[in-house]
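So you can see what is in the structure, the chains are spelled out below.
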Amino acid sequence: MADVDGRTAAQTAPPALVAVVGRPNVGKSTLVNRLIGRRAAITEERPGVTRDRTEHDTMWSGRPLTFVDTGGWTGTGVDAVDHLGAKVTAQAEQASLDADVVLFVVDATVGITTDDAMVARWLRDVSAPVLLVANKADALGDPVALQVQLADLYGLGMGDPHPVSALHGRGSGDLLDAVVDHLADRQPVVRRRPADEISVVLLGRPNVGKSSLFNRLAGQQRAIVDERPGTTRDAIDSLVRLHGGGTYRFVDTAGLRRKGRQGDPTEYYSRLRTVDALHRAQVALLVLDAAEPFGEQEQRLGRQVIDAGRGLVMILNKWDIVDEDRREWIDRELDRLLAFTSFAPLLRTSAVTGRGLRNLGPVIDQVHVEWSRRVPTAAVNRWLADAVAATAPPMIRGRAVRLRYATQVEVGPPTFRVFTTGTVPASYLRYLERSLRDEFGFIGTPVRIGIRVRQDRRRQR
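Definitions and limits used
Residues numbered from 1 in each chain as written. Predicted model: local features only at pLDDT ≥ 70, side-chain atom pairs only at ≥ 80, totals over all residues. Heavy atoms only, no water. Patch = residues over 30% accessible without salt bridge, like charges linked within 9 Å, V, L, I, M, F, W, Y side chains within 5 Å. Areas by Shrake-Rupley, 256 points an atom, 1.4 Å probe, with all protein chains shown as cover. Salt bridge = Lys/Arg side-chain N within 4 Å of Asp/Glu carboxyl O. Lys, Arg positive; Asp, Glu negative; His and termini not counted. Charge placed at Lys NZ, Arg CZ, Asp CG, Glu CD. Helix = DSSP H or I, 4+ residues; strand = E, 2+ residues; numbered from the N terminus. Buried < 20%, exposed > 50% of the residue type's maximum accessible area, 1.4 Å probe, protein only. Pairing = 2+ DSSP bridges. Right-handed = clockwise from strand over helix to strand, strands pointing away. Axes fitted to C-alpha atoms, helices over the stretch in contact; angles between N-to-C directions. Parallel < 35°, antiparallel > 145°, perpendicular 65-115°, else oblique. Contact = heavy atoms within 4.5 Å. Nonpolar A, V, L, I, M, F, W, Y, C, P; charged D, E, K, R; others polar. pLDDT = per-residue confidence, 0-100. Expected span 1.5 Å × (residues − 1). Phe/Tyr/Trp six-rings, centres within 6.5 Å; stacked < 30°, edge-to-face > 60°. Lys NZ or Arg CZ within 6 Å of the ring centre and 35° of its normal. Left-handed = near helix turned anticlockwise from the far one by under 90°.

Colleague: Honestly, a positive patch on the surface in this entry has me stumped. Any pointers?
Modeller: Taken together, Arg 404, Arg 417, Arg 452 and Arg 454 make up a surface patch of like positive charges. With respect to the helices and strands, Arg 404 occurs in strand 13 (residues 403-410). Using a relative accessible area of 39% as the deciding quantity, one classes Arg 404 as partly exposed.

Written out as structure tokens, the structure is:
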């Protein structure tokens, strides 16, 4: 049955969660990319690249689907390879518990391994239907060899295996059909995405506490936290409602290193995901480690936020471990290194104790309002007249430059165009920005002022 928009009930249903799980290096991320039709998940030949669970939306046969990519299942407790491996496995387990359908991926060229059997035992207690996916089936070549390997997979007790090639796409359409068929009699959990939600990205160099802060806000262990820097590799999002504010989609990102230290493909693609998350967000939280000196990386990240035109909130994290001597230096470092971000609100927080986070919702709301603000043209021109009267633009080649009028041409961020009779130096544009902020505020948002030169008609005559 179709609704008034001509869409079916399946098309208007909330997206179904499809968890993709399995041991390391069976091609889970490659399969996710194939099923959603784009390269969204980071893939590399070496195992252990994916750690957190990440969500990727698509549509198949009119049914909205959200595929959840997970890290390699390596066991829990004493069975885990290491402490980080246990955390990765816990994320995969949680994805399976939350899912409407689970895709259990194995390597068809290897057959059943001890790790595969361990995953199968755990998945037998999951309430959602589990589809066994035999990836890399095309590598066997001989149809007889393929049938022998598929027959061996029945030993997992997970039903009929679905042979696919994530690399070349063979069998992916049949697998998607099977997913939709298993959803026919299931009602996905409603996971609302309010139309007015604000997208907020967390940025910072490695090990400043972004993931700890993200988990504290989300109210669950949504992102893996480890003492080793560089644990987070993908952009991970979660819908959060904050005290005193509204609903926000927070996106945790990989810590951005200096380009000279981005030595492998994983870090390269992590950086691309982080930059993409920044450009899709409305507000950025630049997380600083308050216990450590600030430097070039913090400057570069601040510039990236401003160049991207996103709202900005500065977060001094780990404030609970900052001593008195360090506190005296922080203000000096902010003035010396990050003065260009002085328009942004500054919060002192602790992901461990929750200090300062009660104020985060109202601050984000304020920055978003300013970022989306439009000033009437009459008010803009009154400001321009007062600014020019206070400080006239410098003369160019002995001729006075007239600033004729101005208008706001865009929001998100606020962008203004000033029509003049000649070029205006960058120093005067900075003066205009300061004057504009003094007049209208624009707390937490970059402001862009462009010049359009129009020759004075009286001089032309």
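Colleague: Can you walk me through the pairing of strand 14 (residues 415-420) in this structure?
Modeller: Looking along a regular strand, one sees side chains alternate from face to face of the sheet. Counted residue by residue, strand 14 has five buried out of six residues, so it is predominantly covered. Sheet topology places strand 13 next to strand 14; six bridges connect them, and they run antiparallel. The residue of strand 14 that forms the bridge with Gln 408 is Phe 416. The hairpin formed by strand 13 and strand 14 contains four residues between the paired strands, and Gly 412 there has a positive phi angle of roughly 65°. A crossover links strand 14 with its parallel partner strand 15 (residues 448-453), the connecting element being helix 13 (residues 426-440), and its sense is right-handed.

Colleague: I keep staring at the packing of helix 2 (residues 28-36) against helix 6 (residues 172-183) and nothing clicks. Help me out?
Modeller: Any two packed helices are characterised by the angle at which their axes cross and by the distance between the axes. For the pair helix 2 and helix 6, the least separation of the axes is 10 Å and the interaxial angle reads 80°. Classified by the angle their axes make, helix 2 and helix 6 are roughly perpendicular. Here Leu 31, Arg 34 and Leu 35 of helix 2 lie close against helix 6, whose contacting residues are Ser 172, Leu 175 and Leu 176. Tallied by class, the residues present in the contact of helix 2 with helix 6 amount to four nonpolar, one polar and one charged.

Colleague: Sorry if this is basic, but what is going on with the sheet that holds strand 2 (residues 54-60) here?
Modeller: Working definition: the strands of a sheet are paired by backbone hydrogen bonds and lie parallel or antiparallel to each other. Pairing in this open sheet of six strands is mixed, and the strands run 2-3-1-4-5-6 from one edge to the other. Both outer strands of the open sheet, strand 2 and strand 6 (161-163), are each paired with one neighbouring strand and no more. Within this sheet the neighbouring strands show an average axis-to-axis angle of 30°, counted without direction. Pairing between strand 1 (residues 16-21) and strand 3 (residues 63-69): five bridges, direction parallel. Residue pairing across strands places Leu 17 opposite Thr 66, the latter belonging to strand 3.

Colleague: What should I look at first to understand the confidence of the model for the chain in this one?
Modeller: When pLDDT is low, close inspection of the predicted coordinates is not appropriate. Model confidence for the chain is summarised by a mean pLDDT of 81, while 79% of its residues fall at 70 or above. Mean pLDDT across the secondary structure elements of the chain bottoms out at helix 14 (residues 457-460), with 50, and peaks at strand 11 (residues 311-317), with 96. Predicted confidence for residues 43-51 stays below pLDDT 50, and this span has 33 contacts to residues more than four positions away or in other chains. In this model residues 222-234 is a low-confidence stretch, pLDDT under 50, and it forms 67 contacts with partners more than four residues away in sequence or in other chains.

Colleague: Please explain helix 9 (residues 296-308) as it appears in this structure.
Modeller: Because the α-helix completes a turn every 3.6 residues, residues three or four places apart line up on one side. Along its 13 residues, helix 9 runs 18 Å from first to last C-alpha, staying within 8% of the 18 Å computed at 1.5 Å per residue. Buried within helix 9 we find Gln 297, Glu 298, Arg 300, Leu 301, Gly 302, Gln 304, Val 305, Ile 306 and Ala 308.

Colleague: So what exactly am I meant to see when it comes to the packing of aromatic side chains here?
Modeller: Aromatic ring pairs are defined here through the distance separating the ring centres and the angle between the ring planes. Evaluated as defined, the whole model comprises five aromatic pairs. Their ring planes at 20° and their centres at 4.5 Å tell us that Tyr 405 and Phe 419 sit as a pair that is stacked. Note that Tyr 405 is positioned in strand 13 and Phe 419 in strand 14, a separation of 14 residues in sequence. Judged by relative accessible area, Tyr 405 falls into the partly exposed class, the value being 33%. Seen from the ring of Phe 340, Arg 303 lies directly overhead, with NZ or CZ sitting 3.8 Å from the centre. Positioned over the ring face of Trp 319 is Arg 348, at 5.1 Å from the centre of the ring.

Colleague: I keep staring at the sheet that holds strand 14 and nothing clicks. Help me out?
Modeller: Pairing is mixed in the open sheet, where three strands are placed in the order 13-14-15. Each having just a single partner strand, strand 13 and strand 15 make up the two edges of the open sheet. Strand-to-strand, the axes of this sheet are offset by a mean angle of 25°, without reference to chain direction. Here six bridges tie strand 14 to strand 15, and the two strands are oriented parallel to one another. The partner of Phe 419 across the bridge, within strand 15, is Arg 452. Helix 12 (residues 377-390) contacts strand 13 and strand 14 of the sheet and is inclined by roughly 140° relative to strand 13.

Colleague: Mind showing me how you'd approach the packing of helix 12 against helix 13 here?
Modeller: Interhelical geometry of helix 12 versus helix 13 gives an angle of 125° and a closest axis separation of 10 Å. Our classification of the angle between helix 12 and helix 13 gives oblique. The hand of the helix 12/helix 13 crossing is right-handed. Every residue of helix 13 that contacts helix 12 at Ala 379, Val 380, Trp 383, Ala 387, Val 388 and Ala 390 is listed here: Tyr 428, Tyr 431, Leu 432, Ser 435, Leu 436, Glu 439 and Phe 440. Grouping the constituent residues of the contact of helix 12 with helix 13 by class yields 11 nonpolar, one polar and one charged.

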